[in-house]
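These are the residues of each chain, in order.
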Amino acid sequence: GYSFKSIFTEFNISHIDMFKIDCKGCEFELTPEVLENVDAVKISNTYDENPERRQEKLVDMLESTGFRCVTYRVNPNRDRQSTSQSAQIYGIKVTK
């Protein structure tokens, strides 16, 4: 199998403008090292009962590596606030 690091190495990827992840659970393989040369992310996140794989933990890690994040949850009824625990997470790296 591949890791993000091995993909970057094998395909000689040194910088990513927009990193889109839509693969159940892959978002939890992200590390500060992987995100070092990434400018923006769009992550499809599905609810997981494992406390180590919670959305809040993922957003905390993104924000600690310099990303400013917004989480968007879809409500199919559009007449009330969404109760869905699955979400799209958008993040852009803020330069200091």
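*Asks:* Help me out: how do you make sense of the environment of Thr 31 in this one?
*Replies:* Note that Thr 31 resides in the loop between strand S1 (16-21) and helix H2 (32-35). For the pair Thr 31 and Leu 58, spaced 27 residues apart in sequence, the C-alpha to C-alpha distance is 9.6 Å.

*Asks:* Looking at this structure, how should I read the nonpolar core?
*Replies:* One recurring pattern in soluble globular proteins: nonpolar side chains tend to sit buried together. Counting 19 residues, the largest nonpolar core has Phe 19, Leu 30, Leu 35, Val 41, Ile 43 and Leu 62 as the members making the most contacts within it. Residue assignment for this core shows that the elements contributing at least two residues are helix H1 (4-10), S1, H2, strand S2 (38-45), helix H3 (55-64) and strand S3 (67-72). Here the element with the most residues in this core is H3; it accounts for four residues. Beyond its immediate chain neighbours, meaning those up to four positions away, Phe 19 contacts Phe 4, Phe 8, Leu 30, Val 34, Val 38, Ala 40, Val 41 and Lys 42.

*Asks:* Help me understand the sheet that holds S2, please; the structure alone is not making it clear to me.
*Replies:* Where strands meet in a sheet, backbone hydrogen bonds hold them as pairs that are either parallel or antiparallel. Pairing within the open sheet is mixed, and its four strands lie in the order S1-S2-S4-S3. Two strands lie at the open edges of the sheet, namely S1 and S3, each paired on one side alone. Averaged over all pairs of adjacent strands, the angle between their axes in this sheet comes to 10°, without regard to strand direction. Both S1 and S2 contribute to a ladder of five bridges, which runs parallel. Among the inter-strand pairings, Met 18 is bridged to a residue of S2, identified as Ala 40.

*Asks:* What exactly am I supposed to notice about the pairing of strand S4 (residues 87-93) here?
*Replies:* Each regular strand carries side chains that alternate between the two faces of the sheet. Bridge count for S2 against S4 is six bridges, and the pairing is antiparallel. Counterpart to Lys 42 in the pairing with S4 is Tyr 90. Strand direction decides the pairing type here: S3 and S4, joined by six bridges, are antiparallel. Across the sheet, Val 70 pairs through a bridge with Tyr 90, a residue of S4.

*Asks:* Before we go on, may I ask you to explain the pattern of salt bridges in this structure?
*Replies:* In the structure shown here, the tally under the stated rule is two salt bridges. Between Glu 33 and Lys 5 there is a salt bridge whose closest N-O contact spans 3.6 Å. Of this pair, Glu 33 sits in helix H2 while Lys 5 sits in helix H1, placing them 28 residues apart in sequence. Classification of Glu 33 as exposed rests on a relative accessible area of 52%. Accessibility expressed as a relative area gives 51% for Lys 5, which makes it exposed. Note that Glu 52 is salt-bridged to Lys 57, the shortest N-O span being 2.5 Å.

The rules behind the values
- Residues numbered from 1 in each chain as written.
- Predicted model: local features only at pLDDT ≥ 70, side-chain atom pairs only at ≥ 80, totals over all residues.
- Heavy atoms only, no water.
- Helix = DSSP H or I, 4+ residues; strand = E, 2+ residues; numbered from the N terminus.
- Core = buried A, V, L, I, M, F, W, Y, C linked by side-chain atoms within 4.5 Å.
- Buried < 20%, exposed > 50% of the residue type's maximum accessible area, 1.4 Å probe, protein only.
- Contact = heavy atoms within 4.5 Å.
- Pairing = 2+ DSSP bridges.
- Axes fitted to C-alpha atoms, helices over the stretch in contact; angles between N-to-C directions.
- Salt bridge = Lys/Arg side-chain N within 4 Å of Asp/Glu carboxyl O.

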